[in-house]
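Spelled out, the chains give:
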Amino acid sequence: KQIQKFKSLSNISFVAISPDKNLVAVKNTSGTIALHSLETGEELFKNPMTKTEGEQFYFTKDSKNIIDIDWGGKILLFDCTDGSYKILDNTKPLIRCDGIQIDKYNKIIYRFMRKTIGYSSGIIQAYYIDEENLNPESVQFKTVNAIEENSLIGKWSICFCKNHNYYYDGENVIKTNKDFKVLSQISFNKKKKIQKLWISNNENYMFVDYGHLCDITTTPLKEIKETPSLSQLINLKSMEIVKDFDY
């Protein structure tokens, strides 16, 4: 049953609801964040932030702030009481940020840093969020693992669970600990490339999205839109397909 409907930003990419269930925040592909009352739909604040696209954000447990990240590697703090924001971390390391993700279960922000553009070697950094001490001086990243040359980590879909991390390396689904030490790998259908990967929090199921079943680099845009997309729900223990989704 629909209980609320309201107009917000165009080209929305991410949505989050505050822990106290009073606020809903939306983020679009330009990085703008709009904050609404969940009860009335009224727009309370809107901020273009750094005008850079990013990843999923989340509310702090007191519902007073939003922790946001952008593709440049910045960590941003959006104040839900006045709509302002500040940069918590704008580290300019010697190597480039190739990707940034939030593990919301364990309050960890990971950055995947490489020496150059492409598939060069690099490092994985982690910042363990302290919601009681959200200021630039408190943000400290530590190196938790290395990135080998030609590794695809950070370039494909990454999924965080409470106890493990998962990522797709272009051929297999890799299971790691929280420092991205490889524990095991799951062989996969080599004929299909995974576009998005989700693992259930209990690690019993995996949902994979293969995208449009055509070569998007050579197929005309009109044909791509007319070509079906395929997703599958898979039992992670038995690797049996629970259901196909063709749409």
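Scroll up for the structure.
Residues numbered from 1 in each chain as written. Predicted model: local features only at pLDDT ≥ 70, side-chain atom pairs only at ≥ 80, totals over all residues. Heavy atoms only, no water.

Trainee: Is there a simple way to explain the packing of aromatic side chains in this structure?
Mentor: Taken as a whole and judged by the stated rule, the model has seven aromatic pairs. Ring geometry for Tyr127 versus Phe141: centroids 5.8 Å apart, planes at 50 degrees, classification tilted. Of the two residues, Tyr127 is situated in strand E11 (residues 122–128) and Phe141 in the loop between E11 and strand E12 (142–147); the sequence distance between them amounts to 14 residues. A single burial state applies to Tyr127 and to Phe141, both of which are buried. An aromatic cluster is built from Tyr110, Phe112, Phe160, Tyr167 and Phe180, whose rings are joined through pairwise contacts. Its guanidinium or amino end placed over the ring of Phe141, Arg111 lies 3.7 Å from that ring's centre, counting from NZ or CZ. For the cation-ring pair, Lys243 lies above Phe245, with the distance from its terminal atom to the ring centre recorded as 5.8 Å. (Phe/Tyr/Trp six-rings, centres within 6.5 Å; stacked < 30°, edge-to-face > 60°. Helix = DSSP H or I, 4+ residues; strand = E, 2+ residues; numbered from the N terminus. Buried < 20%, exposed > 50% of the residue type's maximum accessible area, 1.4 Å probe, protein only. Lys NZ or Arg CZ within 6 Å of the ring centre and 35° of its normal.)

Trainee: Looking at this structure, I do not really get unusual backbone geometry. What am I missing?
Mentor: With glycine set apart, most residues show a phi of negative sign, and most peptide bonds adopt trans. One non-glycine residue, Phe180, lies in the positive phi region at around 65 degrees. One can find Phe180 in the loop between strand E15 (172–176) and strand E16 (182–187). Judged by its relative accessible area of 4%, Phe180 is buried. You will see that Met239, though not glycine, has its phi angle at about 65 degrees, which is positive. Here Met239 shows up in the loop between strand E19 (229–235) and strand E20 (241–246).

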